[in-house]
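Geometric and topological summary
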Amino acid sequence: MKSKVFFVPVKDAEDIDAVNRQLDVLLKGSEILSVLEKRGAVAVKMHFGEEGTDSFVRPDHLRLLCGEIAKKGAVPYLSDANTLYRGKRLNCEDHLEVAKAHGFTKEAVGAEIVIPDDRKEENVADVPIDREFIKRAKVCRCYLDAGALVAVTHFKGHGMTSFGGTLKNLGMGCATRAGKLAQHCDAVPSIYEDKCIGCGECETVCPVGALHMENDKSVLDTEKCIGCASCVAVCPSMALFVDFLAGDKIQKKMVEYAYAILKEQEGKACFLNFAVRINKECDCWSYGNERIAPDVGILASLDPVAIDKASLDLVNECCGKEIFVEFHPGKDPMVQLEYAQSLGLGSLDYELVRL
Ligand code: SF4
Ligand code: SF4
């Protein structure tokens, strides 16, 4: 049987009231929120946007959504995990600050804003999934412990995964920093010697002693390196670089992480994709992230694979070409979708219901 994906068009994402009218039609017509009925605390998985970007899903839409969740007898809270890279969302304090700057406050959206601190053991879950690439997934516990889950995703391009949709919001977005590292890293880093300031941080964190200092410059023993990228995460001067674009493995690892979340939230999760303000890269980019497609609309489904496939198809249809392939050549958007289907997360076969 085909999975249902519900859709409302949006002509101009900046017309907040008009978008909210469409969102209201979508939430009521699709009835996806019925899975949240009396589920207690509901995690609304967000991306609050990196400092400097304006491409995130607007707080006004979250206010409407949270109001509808409350009508189901559940208590929503908005949440995202900290990032791996050194932006403004690396730790809880800064992450909350940027969320607030983008308008995400309890007063504005009618829900608490929760950033789990993955430096605290009690906030981390080590989930045995025994998949091809990931045996144990390190995710933020709050997304497993929540009574139910709503993924609110800004659909856009992505240099590592072709596009970023629901699967990425869940797989990469719910992972701890260690989990994000595990997904990103298969390659040995390179060192830009001219950028190295000789601080020695990389040598300190390397778990296998693959780095040492010579003449105040970091030197790598590629035979010892296990590609964990811990050094990349701590380097203050971006002197260490891993080619994250290499290979499709990251897409599959990301899907395996999504599997870790969804197997716990099976039957208790629903998904919204906002295919508007569609940029070349993800919302982690602060600046220079070009718009590559017109606003398309909002999608809703109980199937995370179907909603991403339908979003991809609609955006491509609107652009008259495979827009993400054009901007990210060599990245096949079907890798994550087909792999997710093979893991039983959902179906590529969908029925689009236009509301
Ligand atoms: S990637 Fe990991 S193992 Fe390799 S040098 Fe960096 S810290 Fe060490
Ligand atoms: S952490 Fe970066 S800047 Fe510091 S020694 Fe290592 S490579 Fe050089």
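Residues numbered from 1 in each chain as written. Chains lettered and ligands numbered in written order. Predicted model: local features only at pLDDT ≥ 70, side-chain atom pairs only at ≥ 80, totals over all residues.

**Brief notes about the overall build of the protein**
The helix and strand inventory of the protein stands at 13 helices and 18 strands. Scaling as 2.2 N^0.38, a compact globule of 355 residues should have a C-alpha radius of gyration of about 20 Å, and the protein matches this with 20 Å. In the protein, buried positions account for 50% of the 355 residues. At a minimum sequence separation of 6, the contacts of the protein that also span at least 24 residues come to 76%. (Helix = DSSP H or I, 4+ residues; strand = E, 2+ residues; numbered from the N terminus. Rg over C-alpha atoms; globule rule 2.2 N^0.38 Å. Buried ≥ 20, exposed ≤ 12 C-beta atoms within 10 Å, placed from the backbone. Contact = placed C-beta atoms within 7 Å.)

**Points about the site of ligand 2**
Close to ligand 2 lie 14 residues; C196, C199, C202, S218 and C235 are nearest. Residue composition of the shell around ligand 2, grouped by class: nine nonpolar, four polar and one charged. (Near = placed C-beta within 6 Å. Nonpolar A, V, L, I, M, F, W, Y, C, P; charged D, E, K, R; others polar.)

**Comments concerning the pairing of strand 11 (residues 211–214)**
When strand 11 meets strand 12 (residues 217–220), the two strands line up antiparallel, connected through four bridges. Residue pairing for strand 12: H212 is matched across the bridge by V219. Where strand 11 folds back onto strand 12 in an antiparallel hairpin, the turn is made up of two residues, including N215, whose phi is positive at roughly 50°. (Pairing = 2+ DSSP bridges.)

**Comments concerning helix 7 (residues 177–184)**
Helical geometry: 3.6 residues make up each α-helical turn, so side chains three or four residues apart lie on a common side. With six of its eight residues buried, helix 7 lies for the most part within the structure. Residues of helix 7 that are buried: R177, G179, K180, A182, Q183 and H184. Its buried side turned inward, helix 7 meets strand 6 (136–140) and helix 10 (249–264).

**A look at the domain arrangement of the protein**
Per the domain assignment, the segments of the protein are domain 1 (3–182 + 247–354) and domain 2 (188–241). Taking the mean C-alpha position of each, domain 1 and domain 2 sit 33 Å from one another. (Domains from an automatic or database assignment.)

**A look at the packing of helix 1 (residues 16–30) against helix 2 (residues 59–71)**
In the contact formed by helix 1 and helix 2, the axes pass within 9 Å of each other and the chain directions differ by 30°. What the angle tells us is that helix 1 and helix 2 run roughly parallel. For helix 1 against helix 2, the interelement crossing comes out right-handed. For the pair helix 1 and helix 2, contact is made by I16, V19, N20, L23, D24 and L27 and by D60, H61, L64, L65 and E68, respectively. Of the residues assigned to the contact of helix 1 with helix 2, the class counts are six nonpolar, two polar and three charged. (Axes fitted to C-alpha atoms, helices over the stretch in contact; angles between N-to-C directions. Parallel < 35°, antiparallel > 145°, perpendicular 65-115°, else oblique. Left-handed = near helix turned anticlockwise from the far one by under 90°.)

**Some details on the sheet that holds strand 7 (residues 148–154)**
What the eight strands build is an open sheet, ordered 4-3-2-7-14-17-1-18; its pairing is mixed. Sheet topology places strand 4 (112–114) and strand 18 (350–354) at the edges, where each strand pairs with a single neighbour. Neighbour-to-neighbour, the strand axes of this sheet turn through a mean angle of 25°, independent of strand direction. Alignment of strand 1 (residues 3–9) against strand 18, held across five bridges, turns out to be parallel. Residue pairing across strands places V5 opposite L352, the latter belonging to strand 18. Helix 11 (residues 304–319) rests against strand 1, strand 14 (269–275), strand 17 (297–301) and strand 18 of the sheet, and its axis sits at about 10° to strand 14.

**What about the nonpolar core?**
Burial of nonpolar side chains together is a common tendency in soluble globular proteins. Residues V42, V139, Y257 and A258 are the most contacted members of the largest nonpolar core, which totals 91 residues. Per-element tally for this core: the top contributor is helix 10, with nine residues. Excluding residues within four positions of it along the chain, V139 makes contact with A125, V127, L144, C174, A175, T176, G179, Y257, A260 and I261. (Core = buried A, V, L, I, M, F, W, Y, C linked by C-beta atoms within 7 Å.)

**Observations concerning the environment of I134**
Topologically, I134 is positioned in the loop between strand 5 (124–128) and strand 6. Residue I134 is classed as buried on the basis of its 24 C-beta neighbours within 10 Å. Taking the C-alpha atoms as reference points, I134 and K252, 118 residues apart in sequence, are found 9.3 Å from one another. Apart from residues no more than four positions distant in its own chain, I134 is found in contact with I129, A182, K253, E256 and Y257.

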